[in-house]
Amino acid sequence: QKEVEQDPGPLSVPEGAIVSLNCTYSNSAFQYFMWYRQYSRKGPELLMYTYSSGNKEDGRFTAQVDKSSKYISLFIRDSQPSDSATYLCAMRGSTGGFKTIFGAGTRLFVKA
Amino acid sequence: KAGVTQTPRYLIKTRGQQVTLSCSPISGHRSVSWYQQTPGQGLQFLFEYFSETQRNKGNFPGRFSGRQFSNSRSEMNVSTLELGDSALYLCASSLVPDTGELFFGEGSRLTVL
């Protein structure tokens, strides 16, 4: 079993839809939870960064962390064609012995 | 502020050769990590360096090595290349280690023939 599980998709939605992307994990020591967006032929860029549990909102993006269920989500409101990309969840513990572990990434297509 | 710079962007090698990839982090960032990205395995952690010291290493064979210089620039080397080493190699820098707040370069795409 992988430490981080993420459905690779692809996920196709119409413009304006609310998108829900999810990851589950097995290591209860994870404290930092991130979402990265990667466009084709580019490096990943950090979208959302959360420490421990709770919600964080940034414009059209909301990240949720539920440590009791070992489940994190990214919601995209009013999705746009420019949101079409691969979304990678990532997480790590808070001490030096940990490394950042990435999910497989979910490929999202937003149709105009 | 300049981002993370990786060179070369594209390269083609043959089996058995070796390759060196370079990464210049964002100015002021002292932590550098390397990842291998392939369609089948996704992003796999290679190493993490901070202040010229390797702090963590992924599950890759000894053919994969790296180092960090006093100016925080980093290099990774792969010796005795195999076909399976074909991948996008990504470098990421962060201000400090242990946070996961990584800033990635655009990667070096290696093709091994």
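A brief structural summary. (Residues numbered from 1 in each chain as written. Chains lettered and ligands numbered in written order. Predicted model: local features only at pLDDT ≥ 70, side-chain atom pairs only at ≥ 80, totals over all residues. Heavy atoms only, no water.)

A few points about the interface of chain B and chain A
What counts is decided by this rule: Note on contacts: a residue pair qualifies if any of its non-hydrogen atoms lie within 4.5 Å across the two residues. The term buried area denotes the loss of accessible surface (1.4 Å probe radius) that occurs when two parts are joined, taken as the sum for both partners. By convention in these notes, a salt bridge is any Lys or Arg side-chain nitrogen within 4 Å of a carboxyl oxygen on Asp or Glu. The term polar contact refers here to a pair of N or O atoms within 3.5 Å; inside protein, the definition further demands a hydrogen-donor-capable atom paired with an acceptor-capable atom, and it admits residues adjacent in sequence only when both atoms are side-chain atoms. A run of DSSP states H or I qualifies as a helix once it reaches four residues; a run of E qualifies as a strand once it reaches two. Both are numbered from the N-terminal end. Note on residue classes: Ala, Val, Leu, Ile, Met, Phe, Trp, Tyr, Cys and Pro are nonpolar, Asp, Glu, Lys and Arg are charged, and everything else, Gly too, is polar.
Listed by partner, the interface residues are 22 residues for chain B and 21 residues for chain A. For the pair chain B and chain A, the summed buried area comes to about 1,800 Å², and 47% of that belongs to carbon and sulfur atoms. Where chain B meets chain A, there are two salt bridges. A salt bridge links Glu48(B) to Arg92(A), with the nearest nitrogen and oxygen atoms 3.8 Å apart. At the boundary of chain B with chain A, the tally comes to five residue pairs in polar contact (both at pLDDT 80 or more). Elements represented by at least two residues in the side of chain B that touches chain A include exactly strand 4 (31-38), strand 5 (42-50), strand 6 (53-57) and strand 9 (87-94) of chain B. Class assignment of the residues belonging to the side of chain B that touches chain A gives a composition of seven nonpolar, seven polar and eight charged.

Quick word on the side chain of Ser22(B)
Residues and elements named next belong to chain B. Basically, it comes down to this: The classification of residues rests on relative accessible area computed with a 1.4 Å probe and restricted to protein chains. Under 20% of the type maximum is buried, over 50% is exposed, and intermediate values are partly exposed.
Topologically, serine 22 is positioned in strand 3 (residues 19-24). The exposure class assigned to serine 22 is buried, which follows from its relative accessible area of 14%. Here arginine 73 takes part through its side chain, which lies 2.9 Å from a polar atom of the side chain of serine 22. Excluding residues that lie within four positions of it along the chain, serine 22 makes contacts with Thr5, Gln6, Thr7, Trp34, Arg73, Ser74 and Glu75.

Here's the deal with the environment of Asn59(B)
Positionally, Asn59(B) belongs in the loop between strand 6 and strand 7 (64-68). Overall, Asn59(B) belongs to the exposed group, its relative accessible area being 75%. Other than its neighbours up to four places away in sequence, Asn59(B) contacts Lys99(A) and Phe45(B).

Re the state of the cysteines
Defined as follows: Only a pair of cysteine sulfur atoms within 2.5 Å counts as a disulfide in this structure description.
Using the criterion set out here, one finds two disulfides over all chains in the structure. Disulfide partner of Cys23(A): Cys89(A), at an S-S distance of 2.0 Å. Where Cys23(A) bonds to Cys89(A) through sulfur, the torsion about that S-S bond is close to -100°, and the disulfide is left-handed. In this pair, Cys23(A) sits in strand 3 (residues 19-25) while Cys89(A) sits in strand 9 (residues 85-92), placing the two residues 66 residues apart along the sequence. Judged by relative accessible area, which is 0%, Cys89(A) ranks as buried. Bridging Cys23(B) to Cys91(B), the disulfide has an S-S length of 1.8 Å. Across the disulfide from Cys23(B) to Cys91(B), rotation about the S-S bond amounts to roughly -60°, and the bridge is consequently left-handed. One end of the pair, Cys23(B), is in strand 3; the other, Cys91(B), is in strand 9, and 68 residues separate them in sequence. Residue classification places Cys23(B) among the buried positions, given a relative accessible area of 0%.

Here's the deal with the sheet that holds strand 6 (residues 54-58) of chain A
Residue and element names in this part refer to chain A. In plain terms, the rule: Between any two strands, pairing holds if DSSP finds at least two bridges. Between the N-to-C directions of two axes lies an angle of 0 to 180 degrees, each axis being a line fitted to C-alpha atoms and, for a helix, fitted only over the stretch in contact.
Here five strands make up an open sheet; going across it, the order is 1-3-8-7-6 and the pairing antiparallel. Either end of the sheet is taken by a strand with one partner, and the two such strands are strand 1 (4-6) and strand 6. For this sheet, the mean inter-axis angle between neighbouring strands, taken without regard to orientation, is 15°. Relative to strand 8 (residues 71-76), strand 7 (residues 61-66) runs antiparallel, the two being bridged by six bridges. By the bridge assignment for strand 8, phenylalanine 61 is matched with isoleucine 76.

Quick look at the environment of Arg63(B)
Residues and elements named next belong to chain B. Relative to the assigned elements, arginine 63 resides in the loop between strand 6 and strand 7. On a C-alpha basis, the gap between arginine 63 and glycine 3 in space is 28 Å, while along the polypeptide they are 60 residues apart. Apart from residues no more than four positions distant in its own chain, arginine 63 is found in contact with Asn77, Val78, Ser79, Thr80, Leu81, Glu82 and Asp85. Within the structure, arginine 63 has its side chain in polar contact with the backbone oxygen of threonine 80 (distance 3.1 Å).

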